[in-house]
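Remarks on the overall topology
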Amino acid sequence: MHYEPTTKLGRVVNEIEETLIAVILGMMTVVTFANVIARYVFNDNILWALEATVFLFAWLVLIGASYCIKTHTHLGVDVIINLVSTKTRKILAWISITATLAFSILLLIGSWNYWAPFAGLPLTSGEINDQAWYEVDDIPMLDWLRFIEGPMNQGEAYEKLPRFIPYAALPIGMFLLTFRVLQAGWHLFTGKIDTIIASHEAEEMVEEASAHADREN
């Protein structure tokens with residue numbers, strides 16, 4: 001199942017997710033390939049490659065979590081769901097939506113409170129703990145981002161990339177996750193779905209492959 005965006009906000013979120021996933025995968029591939037070439041061909045090493053790949057992978061996982069809700073590809077145990085009536089299945093789906101939404105909101109609040117100090121922004125409590133001067137370990141500062149040094153670092157130059165940039169994956173990923181859970185709830189309310197998990201896809205694929213083999217034999 002695939003949620004087709006029907007509103008402007010839905011289309012914008014859809015474009016953000018798919019674009020970021022494609023860009024991140026491409027960047028991870030390029031950085032890893034370049035580091036392999038540097039190491040085994042030129043006997044050198046790109047110092048920041050590992051850290052950059054780790055951050056990119058974190059972005060990919062967090063954004064992928066919301067994308068999987070959109071595409072209905074999160075796996076779950078559906079033994080009980082398949083045994084109950086349609087009405088009971090919908091009740092169980094509402095329980096799942098409610099629990100998942102509460103969990104995603106807690107993650108969103110926690111991720112904001114963790115990230116906000118690195119961006120010099122207030123916590124949900126209103127407290128400000130400015131840590132915008134914190135930098136990553138290896139990734140060098142990009143020249144086209146120097147304009148943020150004035151407002152973010154009191155005019156001081158960053159030697160490495162400020163942490164609030166890669167760490168932004170946390171609030172962005174959790175916001176997208178919360179949005180997709182709300183969207184799933186709306187689809188459940190309008191009757192487009194009666195469960196938020198995928199069926200036993202692996203089991204079905206095995207059965208299809210077995211049936212195909214039997215036809216060939």
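Residues numbered from 1 in each chain as written. Predicted model: local features only at pLDDT ≥ 70, side-chain atom pairs only at ≥ 80, totals over all residues. Heavy atoms only, no water.

Here we take up the overall build of the chain. Across its full length, the chain holds six helices and two strands. Along the chain direction, N to C, the helices and strands of the chain fall in the order α-α-α-β-α-β-α-α. Taken over 217 residues, the chain has a buried fraction of 34%. The contacts in the chain between residues at least 6 apart in sequence include a share of 67% that link residues at least 24 apart. (Helix = DSSP H or I, 4+ residues; strand = E, 2+ residues; numbered from the N terminus. Buried < 20%, exposed > 50% of the residue type's maximum accessible area, 1.4 Å probe, protein only. Contact = heavy atoms within 4.5 Å.)

Glancing now at the packing of aromatic side chains. Across all of its chains, the model carries eight aromatic pairs by this definition. Measuring from ring centre to ring centre gives 5.7 Å for Phe 118 and Tyr 134, while their planes differ by 80 degrees; the resulting arrangement is edge-to-face. One end of the pair, Phe 118, is in helix H3 (residues 86-119); the other, Tyr 134, is in the loop between H3 and strand E1 (135-140), and 16 residues separate them in sequence. The interplanar angle of 90 degrees and the centroid separation of 5.1 Å between the aromatic rings of Phe 118 and Tyr 167 together place this pair among those described as edge-to-face. In this pair, Phe 118 sits in helix H3 while Tyr 167 sits in the loop between strand E2 (160-162) and helix H5 (169-189), placing the two residues 49 residues apart along the sequence. Looking at Phe 118, the relative accessible area reads 7%, which means it is buried. By way of ring pairs, the aromatic residues Phe 55, Tyr 114, Phe 118, Trp 133, Tyr 134 and Tyr 167 are connected into one cluster. (Phe/Tyr/Trp six-rings, centres within 6.5 Å; stacked < 30°, edge-to-face > 60°.)

Bringing the confidence of the model for the chain into the picture now. Considering every residue of the chain, the mean pLDDT works out to 83; 84% of them sit at 70 or more. Mean pLDDT values for the elements of the chain range from 58 in helix H6 (residues 201-216) up to 93 in E2. (pLDDT = per-residue confidence, 0-100.)

For the rest of this paragraph, the subject is the side chain of Asn 153. Mapping Asn 153 onto the fold places it in helix H4 (residues 149-153). Discounting residues that sit within four places of it in the chain, Asn 153 has contacts with Trp 133, Ile 148 and Tyr 158.

What follows is about H5. The terminal C-alpha atoms of H5 lie 30 Å apart, and with 21 residues this matches the ideal 30 Å at 1.5 Å per residue to within 8%. When you tally the buried positions in H5, you get 15 out of 21 residues, the bulk of the element. Just downstream of H5 lies Gly 191, where phi reads positive at about 85 degrees. (Expected span 1.5 Å × (residues − 1).)

Compared with the 32 Å implied by 1.5 Å per residue over 22 residues, the 31 Å span of helix H2 (residues 49-70) between its first and last C-alpha is a close match. Positioned one or two residues after H2, His 72 has a phi angle of 60 degrees, which is positive.

What follows is about the side chain of Gln 183. Looking at the element boundaries, Gln 183 is found in helix H5. In this structure Gln 183 comes out as buried when scored by relative accessible area, which is 13%. Looking at Gln 183, its side chain comes within polar contact range of the side chain of Arg 180, at 2.6 Å. (Polar contact = N/O pair within 3.5 Å; in protein donor to acceptor, adjacent residues only side chain to side chain.)

Now for unusual backbone geometry. With a phi angle near 55 degrees, Asn 43 is a residue other than glycine that sits in the positive phi range. The topology assignment puts Asn 43 in the loop between helix H1 (8-40) and H2.

This part takes up a nonpolar patch on the surface. On the surface, Val 36, Tyr 40, Val 41 and Phe 42 cluster together into a nonpolar patch covering about 480 Å² of accessible area. The residue Tyr 40 is located in helix H1 in this model. (Patch = residues over 30% accessible without salt bridge, like charges linked within 9 Å, V, L, I, M, F, W, Y side chains within 5 Å. Areas by Shrake-Rupley, 256 points an atom, 1.4 Å probe, with all protein chains shown as cover. Salt bridge = Lys/Arg side-chain N within 4 Å of Asp/Glu carboxyl O.)

Below, the discussion takes up the packing of H3 against H5. Taken N-terminus to C-terminus, the directions of H3 and H5 make an angle of 160 degrees; their axes are 8 Å apart at the nearest point. It follows that H3 is roughly antiparallel to H5 by the angle criterion. Relative to H5, the crossing made by H3 is left-handed. When grouped by side-chain class, the residues that make up the contact of H3 with H5 number 20 nonpolar, five polar and one charged. (Axes fitted to C-alpha atoms, helices over the stretch in contact; angles between N-to-C directions. Parallel < 35°, antiparallel > 145°, perpendicular 65-115°, else oblique. Left-handed = near helix turned anticlockwise from the far one by under 90°. Nonpolar A, V, L, I, M, F, W, Y, C, P; charged D, E, K, R; others polar.)

Next up on the list: the environment of Ala 52. The residue Ala 52 is located in helix H2 in this model. On the accessibility criterion, Ala 52 (10% relative accessible area) is buried. Separated by 87 residues in sequence, Ala 52 and Ile 139 place their C-alpha atoms 6.7 Å apart.

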